[in-house]
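# Survey of secondary and tertiary structure
Here's the letter readout for the chains.
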Amino acid sequence: MSIRTPLDEQTLAVDEELAQLSETFRFLLDLTPVDAADRRRAWLDGDHAEPDFSYRPLSTDPDVALATLEHIELDRVQDPTVRQLLANKHRELRLQAEMLRARNSADFLPLSVELYGGVTQELRELAKQVLEAVPADAAPAPAVDAHAFHELAQAEIAWYRAQDPDVVMHAEVREDVNGVMVSGDTLLIGADSKVQSTRANALLQHEIGTHLVTQVNGGAQQVRCLGTGLAGYDETQEGLAVMGEIACGELTATRLRQLAGRVLTVDAMVNGAGFFDCWQQLVSRGFKRGSAFTTVMRIHRSGGFTKDACYLRGLVDLLGHLRDGGRLDLFYLGKFALADLPLVEQLDADGRLAPARIQPHYLADPQAVDRLARAAVEPLSSSVAHPTQEGAAPPDPEANDL
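Residues numbered from 1 in each chain as written. Predicted model: local features only at pLDDT ≥ 70, side-chain atom pairs only at ≥ 80, totals over all residues. Heavy atoms only, no water.

When you go through the protein chain residue by residue, the secondary structure sums to 17 helices and 5 strands. In terms of overall dimensions, the protein chain is globule-like: its C-alpha atoms have a radius of gyration of 20 Å, near the 21 Å expected for 402 residues. Along the three orthogonal principal directions, the C-alpha set of the protein chain runs to about 60 × 50 × 40 Å. The buried share of the protein chain, reckoned over its 402 residues, is 54%. In the protein chain, of all internal contacts separated by at least 6 residues, the share reaching a separation of at least 24 is 78%. Carbon and sulfur atoms form 48% of the exposed surface of the protein chain, whose accessible area is close to 16,400 Å². For the protein chain, the centre of its 37 positive side-chain charges and the centre of its 60 negative side-chain charges are spaced 2 Å apart. (Helix = DSSP H or I, 4+ residues; strand = E, 2+ residues; numbered from the N terminus. Rg over C-alpha atoms; globule rule 2.2 N^0.38 Å. Buried < 20%, exposed > 50% of the residue type's maximum accessible area, 1.4 Å probe, protein only. Contact = heavy atoms within 4.5 Å. Areas by Shrake-Rupley, 256 points an atom, 1.4 Å probe, with all protein chains shown as cover. Lys, Arg positive; Asp, Glu negative; His and termini not counted. Charge placed at Lys NZ, Arg CZ, Asp CG, Glu CD.)

Core analysis: the largest hydrophobic core is formed by 93 residues, its most contacted members being Leu 18, Met 99, Leu 328 and Phe 336. Per element, the largest residue contribution to this core is 9 residues, and it comes from helix H12 (residues 253–270). Counting 21 residues, the second largest nonpolar core, distinct from the first, contains Ala 146, Ile 157, Val 182 and Ile 208. (Core = buried A, V, L, I, M, F, W, Y, C linked by side-chain atoms within 4.5 Å.)

What follows deals with the packing of H12 against helix H14 (residues 289–300). Orientation of H12 relative to H14, taken along the N-to-C sense of each, is 50 degrees, at an axis distance of 10 Å. It follows from the interaxial angle that H12 and H14 lie oblique. Crossing handedness for the pair H12 and H14: right-handed. Between H12, through Arg 262, Thr 265, Val 266 and Met 269, and H14, the contact on the second element is made entirely by Thr 295, Val 296, Arg 298, Ile 299 and His 300. (Axes fitted to C-alpha atoms, helices over the stretch in contact; angles between N-to-C directions. Parallel < 35°, antiparallel > 145°, perpendicular 65-115°, else oblique. Left-handed = near helix turned anticlockwise from the far one by under 90°.)

This next bit is on the layout of surface pockets. By volume, the largest pocket amounts to about 870 Å³. Listed by contribution, the elements that provide at least two residues to the lining of the largest pocket are helix H1 (9–24), helix H2 (27–31), helix H5 (80–101), strand E3 (180–183), helix H9 (197–219), helix H10 (225–228), helix H11 (233–247) and H14. For the lining of the largest pocket, the leading source of residues is H9, giving 6 residues. Its residues placed into classes, the lining of the largest pocket shows 13 nonpolar, 13 polar and 13 charged. (1 Å grid on protein atoms, 1.4 Å probe; cavity = no way out; pocket = protein on both sides within 12 Å on 5 of 7 lines; lining within 4 Å. Points joined across faces, edges and corners; volume = space filled by probe spheres on them. Nonpolar A, V, L, I, M, F, W, Y, C, P; charged D, E, K, R; others polar.)

Spelled out as structure tokens, the structure:
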């Protein structure tokens, strides 16, 4: 089934310019330390000096990106719905370029708060409630290493290629990556990463089943920015990805506590807490020393990165959307914010959107919809899975699953 109503050439040209510029950014990679694993080992060995992280050279010259944005003529966009979406994307790219330029400076944190927001009192109280209601796992599961997880990812990608042989997805193990993340059409796995076995499938559904699926489906849209990501998409994407973990029945207590811990760490960092104080706060709340370091690193990196508060916030907002009778199917067509759903619904009503090429693997589970429906009306702590560990190998207490 093809797009019923094509957009005009001028609108498509502006969209293409913004999408191409967006693809030149390695935003998360450029903001992530290349030596986090070394600093983590030193920290766990007792060196609690403020970590001095090292970063890769910027992939994009921020000044060139800002100059390029100045020459993109948004008034050429004739469709009013698309014009609003692309104007918001233009502003977001400007903020991202300014953040890259301000990396490791005092100007970085205010820009991050402007882009991702901070922590409201309501979200802070919810995070505290989660940590009080959900006890830490007494016996963490054994961990799989980066290469074993890579094999699982390759098998998951093969499942999608069986649905559509032309799907472009990749997975690779990288020495210069910390944890697990998606960049473009590739799942990047840090060489030192360890993922608890009870989290492995959930992490695949999070990264591949949401981030790569929406990248594939969004890339098939005539509005190409739906593939690279419209403005503010991170919060909704991360919320949708965590919903994938709930849908497959594998949101663990450790994972939910991690999301709550990120919120409290962002809140503490924004209010002036240093690296050690943020780390000590998590350890005092029952977090493992190594995973606490990784959480604090993610939030203190580059001068103060507040994005990690959006996982829990995005999840809560999407569960509220479901509770109010909202639908999820349009969210699989590309990367956009919940706030922009009315605009995307308008595009759909106008015949501007193509159907999804692929659907998340977890939706093949007949219980997935029921799990999400229950999560929408029950306390968040009720969504936690309780896997058994019969016959399991000794756990790795410091698995640094992201």
